[in-house]
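# Working through the structure, step by step
The residues making up each chain are set out below.
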Amino acid sequence: MIDQRNSRLGPMGSAASRLRTALELFEVGEQMMRARLTREHPEWDAAQLDAAIHRWLRDRPGAEFGDYPGGPSDRTLGGSA
């Protein structure tokens, strides 16, 4: 359903609503991974599960260099060289 307050801003809505959606998707992804790890490792306690979630978020398996295919960029961000 389209939020009528943001419909004048186009199909993407406001920046705040896009950020809210991104954060909700992050939470859903974490919940899905937690459910998967719980299913795969029923013997793990809460601390082991939390550690595995933190490793997954930090190491980003399959996207070590970001979400775009290819190697890391050597660009300097922020305009300074």
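Relevant structure appears above.
Figured I'd write up the structure that's included with this text. (Residues numbered from 1 in each chain as written. Predicted model: local features only at pLDDT ≥ 70, side-chain atom pairs only at ≥ 80, totals over all residues. Heavy atoms only, no water.)

This paragraph deals with the environment of Ile 53. With respect to the helices, strands and loops of the structure, Ile 53 is situated in helix H2 (residues 46–59). With a relative accessible area of 1%, Ile 53 lands in the buried category. For the pair Ile 53 and Met 33, spaced 20 residues apart in sequence, the C-alpha to C-alpha distance is 7.5 Å. (Helix = DSSP H or I, 4+ residues; strand = E, 2+ residues; numbered from the N terminus. Buried < 20%, exposed > 50% of the residue type's maximum accessible area, 1.4 Å probe, protein only.)

Bringing the pattern of salt bridges into the picture now. In total, this model carries four salt bridges according to the counting rule given. Note that Asp 50 and Arg 34 form a salt bridge whose closest N and O atoms lie 2.9 Å from each other. One end of the pair, Asp 50, is in helix H2; the other, Arg 34, is in helix H1 (residues 15–40), with 16 residues separating them in the sequence. For Asp 50, a relative accessible area of 31% translates into the label partly exposed. Residue class for Arg 34 comes out partly exposed when judged on its relative accessible area of 25%. (Salt bridge = Lys/Arg side-chain N within 4 Å of Asp/Glu carboxyl O.)

Under the 1.5 Å per step criterion, the end-to-end length of H2 is 20 Å for 14 residues, consistent within 8% with the ideal 20 Å. Residues of H2 that are buried: Leu 49, Ala 52 and Ile 53. Each buried residue of H2 sits inside an arc of 100° when the element is viewed along its axis, so together they form one side. Turned more than 90 degrees off the buried face of H2, the exposed positions are Ala 47, His 54 and Arg 58. Regarding H2, its N-cap is Asp 45, as a side-chain oxygen of that residue lies 3.2 Å from the backbone nitrogen of Ala 47 further along. (Expected span 1.5 Å × (residues − 1). Arc of directions from axis to C-beta. Polar contact = N/O pair within 3.5 Å; in protein donor to acceptor, adjacent residues only side chain to side chain.)

The next thing to look at is H1. An ideal rise of 1.5 Å per residue puts 38 Å on 26 residues; H1 measures up with 37 Å between its terminal C-alpha atoms. Taken residue by residue, H1 has Ser 17, Met 33 and Leu 37 as its buried positions. Considering only its buried residues, H1 is in contact with H2. (Contact = heavy atoms within 4.5 Å.)

Turning to the nonpolar core, a few remarks are in order. The tendency in soluble globular proteins is for nonpolar side chains to be buried as a group. Counting residues in each nonpolar core, the largest one holds five residues, listed as Met 33, Leu 37, Leu 49, Ala 52 and Ile 53. Elements with a contribution of two residues or more to this core: H1 and H2. Residue contacts for Met 33: discarding those within four places in its chain leaves Ile 53 and Trp 56. (Core = buried A, V, L, I, M, F, W, Y, C linked by side-chain atoms within 4.5 Å.)

With that settled, the discussion passes to the packing of H1 against H2. H2 packs onto H1 with a crossing angle of 130° between their chain directions and a minimal axis gap of 10 Å. By the criterion of interaxial angle, the relationship of H1 to H2 is oblique. H2 is crossed by H1, and the crossing has right-handed handedness. Of H2, the residues touching H1 (which contributes Phe 26, Gly 29, Glu 30, Met 33, Arg 34, Leu 37 and Thr 38) are Leu 49, Asp 50, Ala 52, Ile 53, Trp 56 and Leu 57. (Axes fitted to C-alpha atoms, helices over the stretch in contact; angles between N-to-C directions. Parallel < 35°, antiparallel > 145°, perpendicular 65-115°, else oblique. Left-handed = near helix turned anticlockwise from the far one by under 90°.)

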